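# Notes for the structure review
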Amino acid sequence: MKNEKSYNRLLQTVEATQQAEPPSGLYQRIHQKINQSTPEIRISPWQYAAAAVLLLMNLSWVFYAQTTTPSEQSETELSTLIVDEYNLETPEYYNY
Amino acid sequence: MEDALLVLQLQQHDETAFKLLFDRYAKMVYNTALNFLQVQEDAEEVTQDVFLEVHHKIDQFEGKSSIKTWIYRITCNKALERIRSAKRKKRFAFFVSVDDANLQNTIIDHPGVDEEHKEKMALIQRLLGGLAENQRVAFTLFHMEGLTYQEITKVMNISLSSVESLMFRAKSNLKKKLSTTNLFEDEK
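Residues numbered from 1 in each chain as written. Chains lettered and ligands numbered in written order. Predicted model: local features only at pLDDT ≥ 70, side-chain atom pairs only at ≥ 80, totals over all residues. Heavy atoms only, no water.

Counted only if it meets this: UniProt positions are given in the numbering used here, feature names are shortened, and annotations may be inferred rather than shown by experiment.
The name given to chain B in an unreviewed UniProt entry is RNA polymerase sigma-70 factor, ECF subfamily, with the source organism recorded as Reichenbachiella agariperforans. Looking at the Sequence similarities (unreviewed entry) heading of the UniProt record, one finds this comment for chain B: "Belongs to the sigma-70 factor family. ECF subfamily."

## Some thoughts on the overall build of chain A
For the record, the criterion: Put simply, DSSP H or I for four residues or longer makes a helix, DSSP E for two residues or longer makes a strand, and each gets a number counted from the N terminus. Buried residues are those whose accessible area, probed at 1.4 Å on protein chains only, stays under 20% of the maximum for their type, while exposed residues exceed 50% and partly exposed ones sit between those limits. Computed by Shrake-Rupley with a 1.4 Å probe, the accessible areas treat only the displayed protein chains as cover when residues are assessed.
Looking only at helices and strands, chain A features 4 helices and 0 strands. Starting at the N terminus and walking to the C terminus, you meet the elements of chain A as α-α-α-α. Residues classed as buried in chain A amount to 14% of the 96 residues present. Surface summary for chain A: the accessible area is close to 8500 Å², and the carbon and sulfur share equals 59%.

## A word on the packing of helix 2 (residues 26-36) of chain A against helix 2 (residues 15-37) of chain B
Note the cut-off: For every element, the axis is a line fit to its C-alpha atoms; helices are fit only across the contacting stretch, and the angle between N-to-C directions ranges from 0 to 180 degrees. Just so you know how the angles are binned, under 35 degrees is roughly parallel, over 145 roughly antiparallel, 65 to 115 roughly perpendicular, and the rest oblique. A crossing counts as left-handed when the near helix is turned anticlockwise from the far one by less than a right angle, and as right-handed when that turn is clockwise. It only takes one pair of heavy atoms within 4.5 Å for two residues to be counted as in contact. For this classification, the nonpolar set comprises Ala, Val, Leu, Ile, Met, Phe, Trp, Tyr, Cys and Pro, the charged set comprises Asp, Glu, Lys and Arg, and every other residue, Gly included, is treated as polar.
As a packed pair, helix 2 of chain A and helix 2 of chain B sit with axes 11 Å apart at the nearest point and diverge in direction by 135°. In this view, helix 2 of chain A runs oblique relative to helix 2 of chain B, as classed from their interaxial angle. With respect to the hand of their crossing, helix 2 of chain A and helix 2 of chain B are arranged in right-handed fashion. Only E15(B), F18(B), K19(B) and F22(B) of helix 2 of chain B make contact with helix 2 of chain A, whose side of the interface consists of L26(A), Y27(A), I30(A), H31(A) and I34(A). Looking at the contact of helix 2 of chain A with helix 2 of chain B residue by residue, the classes come out as 6 nonpolar, 1 polar and 2 charged.

## Observations concerning a nonpolar patch on the surface
All names here are of chain A. The condition that has to hold: Exposure above 30% relative accessible area and the lack of any salt bridge qualify a residue for a patch; like charges then connect within 9 Å, and the nonpolar side chains Val, Leu, Ile, Met, Phe, Trp and Tyr within 5 Å. We define a salt bridge as a contact between a side-chain nitrogen of Lys or Arg and a carboxyl oxygen of Asp or Glu at a distance within 4 Å.
On the surface, I41, I43 and Y48 cluster together to form a nonpolar patch covering roughly 380 Å² of accessible area. When you line up the elements, Y48 lands in helix 3 (residues 45-68). Under the relative-accessibility criterion, Y48 is labelled exposed at 54%.

## Topic: the interface of chain B and chain A
Rules: Defined in terms of a 1.4 Å probe, buried area is the accessible area two parts forfeit on being brought together, summed over both. Polar contacts here mean pairs of N or O atoms no more than 3.5 Å apart (in protein, one a potential hydrogen donor and the other a potential acceptor; neighbouring residues in sequence count only if both atoms are side-chain atoms).
Facing 42 residues of chain B, the contacting portion of chain A comprises 29 residues. Buried surface at the junction of chain B and chain A, summed over both partners, amounts to about 3400 Å²; 65% is from carbon and sulfur atoms. Area buried by chain B at its contact with chain A is led by Q48(B), H143(B) and F184(B), which between them contribute 16% of it. In this assembly, chain B and chain A are joined by 4 salt bridges. Taking the shortest distance from any N to any O, the salt bridge between E44(B) and R29(A) comes out at 2.8 Å. At the boundary of chain B with chain A, the tally comes to 7 residue pairs in polar contact (both at pLDDT 80 or more). Considering every element that reaches the side of chain B that touches chain A, the biggest residue donor is helix 2 of chain B, with 10 residues.

## Quick look at the packing of aromatic side chains
Any pair of aromatic rings gets described here by the distance separating the centres and the angle formed by the planes. Where we set the bar: Any two of the Phe, Tyr and Trp rings considered here, Trp counted by its six-membered ring, make a pair once their centres fall within 6.5 Å; the pair's planes then place it as stacked at under 30 degrees, edge-to-face at over 60, or tilted in between. Only when the NZ of Lys or the CZ of Arg is both within 6 Å of the ring centre and within 35 degrees of the ring normal is a charge said to sit over the ring.
Taken as a whole and judged by the stated rule, the model has 6 aromatic pairs over all chains. Between F61(B) and W70(B) the ring centres are 4.9 Å apart and the planes differ by 40°, which places this aromatic pair in the tilted class. The exposure classification of F61(B) matches that of W70(B), with both residues buried. The rings of Y27(A), F18(B), F22(B) and F51(B) are connected pair by pair, giving a single aromatic cluster. The ring of Y27(A) carries K19(B) above its face, with NZ or CZ at 5.0 Å from the centroid.

## A look at unusual backbone geometry
All names here are of chain B. Positive phi, close to 65°, is recorded for Q38, a residue that is not glycine. Along the chain, Q38 turns up in the loop between helix 2 and helix 3 (40-57). Residue Q38 is classed as buried on the basis of its relative accessible area of 0%.

## Looking at the environment of L10(A)
Structurally, L10(A) can be placed in helix 1 (residues 2-15). Classification of L10(A) as buried rests on a relative accessible area of 0%. Discounting chain neighbours no more than four positions away, the residues touching L10(A) are I124(B), L127(B), F139(B), L174(B), L178(B) and F184(B).

## Here we look at the UniProt feature "transmembrane region" (unreviewed entry) in chain A
Mapped onto this structure's residue numbering, the UniProt feature "transmembrane region" (unreviewed entry) falls at residues 46-64 of chain A. Secondary structure content for residues 46-64 of chain A is 100% helix and 0% strand, and the end C-alpha separation is 27 Å.

## Some words on the pattern of salt bridges
Close approach of charged atoms allows side chains of opposite charge to pair. Residue and element names in this part refer to chain B. For the coordinates displayed, the defined rule picks out 12 salt bridges over all chains. Ionic pairing is found between R82 and E45, a salt bridge with its closest N-O pair at 2.4 Å. Within this pair, whereas R82 is found in helix 4 (residues 67-96), its partner E45 is found in helix 3, the two being separated by 37 residues in sequence. Of the charged contacts in the structure, one is a salt bridge between K64 and E62, with a shortest N-O distance of 2.9 Å.

Structure below.
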């Protein structure tokens, strides 16, 4: 009962709130913000589809290139090969 | 000009139509935001955000509800976003600040609230802040905005029975909270 009375008083206080007028110049400020904001970029479903096709084409090309190109010797293997062949005891490197 | 025609013109990015929409709904948006936030500066920022959103999203408005309902919905969402963000800031400040006593105060800067009611209104706002968001929205729209249950169903996109349930729960929660305070006990 006591709670009901308190609740009714709460409602009276809340409902006694008066309407307020919006501040002056609000429209101008909104208009200014609209002019400052950049338009949202919209992509149509066709553009999404075209982007997906391009991506798939690129991926398939990478896959094709990986599977068909003969494997090359790695840089480490090559440097090992050069070092192995290099012989400091022979003067042939100076014969030029 | 009827709202349906106004929407058509807005979708053609007619500036005069936008001004007309602002003149028609600015007061409604501002007062709804003010009723949620109770601070003029915050309500103005929310009003700006609402009309910016309307301007940007008008092409997506399908006319399933009236433009008024749509604007109400945007306003409630923007106001709630602001309340959430303020709560997050308060929570963070609680960890940073050594003395959190000043964080407990609710500021009332509502030109429509009498000086004598400001203190009570601050306490009421704290009680409303303790309600679930949807209960708070239903309570505010019904008791402060004067919307009917039918109108609230459209704004909140829920059934009539859900609105009734939300209002019942808001009432019983507020009564419970009131029993722990002495807010109206000094009055006879």
